[in-house]
Amino acid sequence: MREGDFLLRVRGESMLGLGIFPGDVVAIRPADVAQNGEVALVLIPGENAGTLKRWQQRGRAVTLHSENPAFEPMRFPVSDVQVQGVLVGHIGLGGARRSARGRP
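Residues numbered from 1 in each chain as written. Predicted model: local features only at pLDDT ≥ 70, side-chain atom pairs only at ≥ 80, totals over all residues. Heavy atoms only, no water.

If you look the protein up in an unreviewed UniProt entry, it shows as Peptidase S24, LexA repressor from Deinococcus ficus.

Here it is as structure tokens:
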């Protein structure tokens, strides 16, 4: 990690395909832009929290993709969303992982 990077505890199951479970901790590098394909922490309209999604921008539109097929992609005008940072690390602490492996 570098100076300025910060940690967030994950809620929700939208990034299970990357092995990121509820309760895990992710390291975020502050940024105000994301490159296509990067996992970004994004503020979206009408939400009071950030969301961690794969970033795909085409022109003036952005699609935020979950890594869980149960979640539909989210589409917005790029001017309506705000990138807070990009994923640079992950610490698996979530209880869902333990129970998914058959342990209590």
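That was the structure; now back to the text.
1. A word on the nonpolar core
Nonpolar side chains tend to gather and get buried jointly when the protein is soluble and globular. Counting 11 residues, the largest nonpolar core consists of Ala 34, Ala 40, Val 42, Ile 44, Trp 55, Val 62, Leu 64, Phe 76, Val 81, Val 83 and Val 86. For this core, the secondary structure elements donating two or more residues are strand 3 (39-43), strand 5 (61-65) and strand 7 (82-91). (Core = buried A, V, L, I, M, F, W, Y, C linked by side-chain atoms within 4.5 Å. Buried < 20%, exposed > 50% of the residue type's maximum accessible area, 1.4 Å probe, protein only. Helix = DSSP H or I, 4+ residues; strand = E, 2+ residues; numbered from the N terminus.)

2. Some thoughts on the environment of Ile 91
Mapped onto the secondary structure, Ile 91 falls in strand 7. On the basis of relative accessible area, Ile 91 is assigned to the partly exposed category, the value being 42%. In this structure the C-alpha to C-alpha distance between Ile 91 and Leu 7, which are 84 residues apart in sequence, comes to 9.7 Å. In this view, Ile 91 contacts Asp 24 and Val 25; residues no more than four positions away in its chain are not counted. (Contact = heavy atoms within 4.5 Å.)

3. Focus: the sheet that holds strand 5
One open sheet holds the 7 strands; their spatial order is 1-2-7-3-4-5-6, and the pairing between them is antiparallel. Where the open sheet ends on each side, the last strands, each with one partner, are strand 1 (6-9) and strand 6 (74-77). Here the strands of the sheet are splayed against their neighbours by 45° on average, with no regard to which way each runs. As defined by bridge partners, strand 1 adjoins strand 2 (residues 25-30) across 4 bridges and the pair is classed as antiparallel. Each bridged residue has a counterpart across the sheet, and for Leu 7 the counterpart in strand 2 is Ala 27. (Pairing = 2+ DSSP bridges. Axes fitted to C-alpha atoms, helices over the stretch in contact; angles between N-to-C directions.)

4. Details of the pairing of strand 4 (residues 50-58)
Bridge analysis of strand 3 against strand 4 gives 5 bridges, and the strand direction is antiparallel. Looking at strand 4, one finds that Leu 41 is bridged to Leu 52. Between strand 3 and strand 4, which pair antiparallel in sequence order, lie 6 residues; one of them, Gly 46, sits at a positive phi of approximately 80°. Sheet analysis places strand 4 next to strand 5, joined by 5 bridges and oriented antiparallel. Bridging from a neighbouring strand, Arg 54 pairs with His 65 of strand 5.

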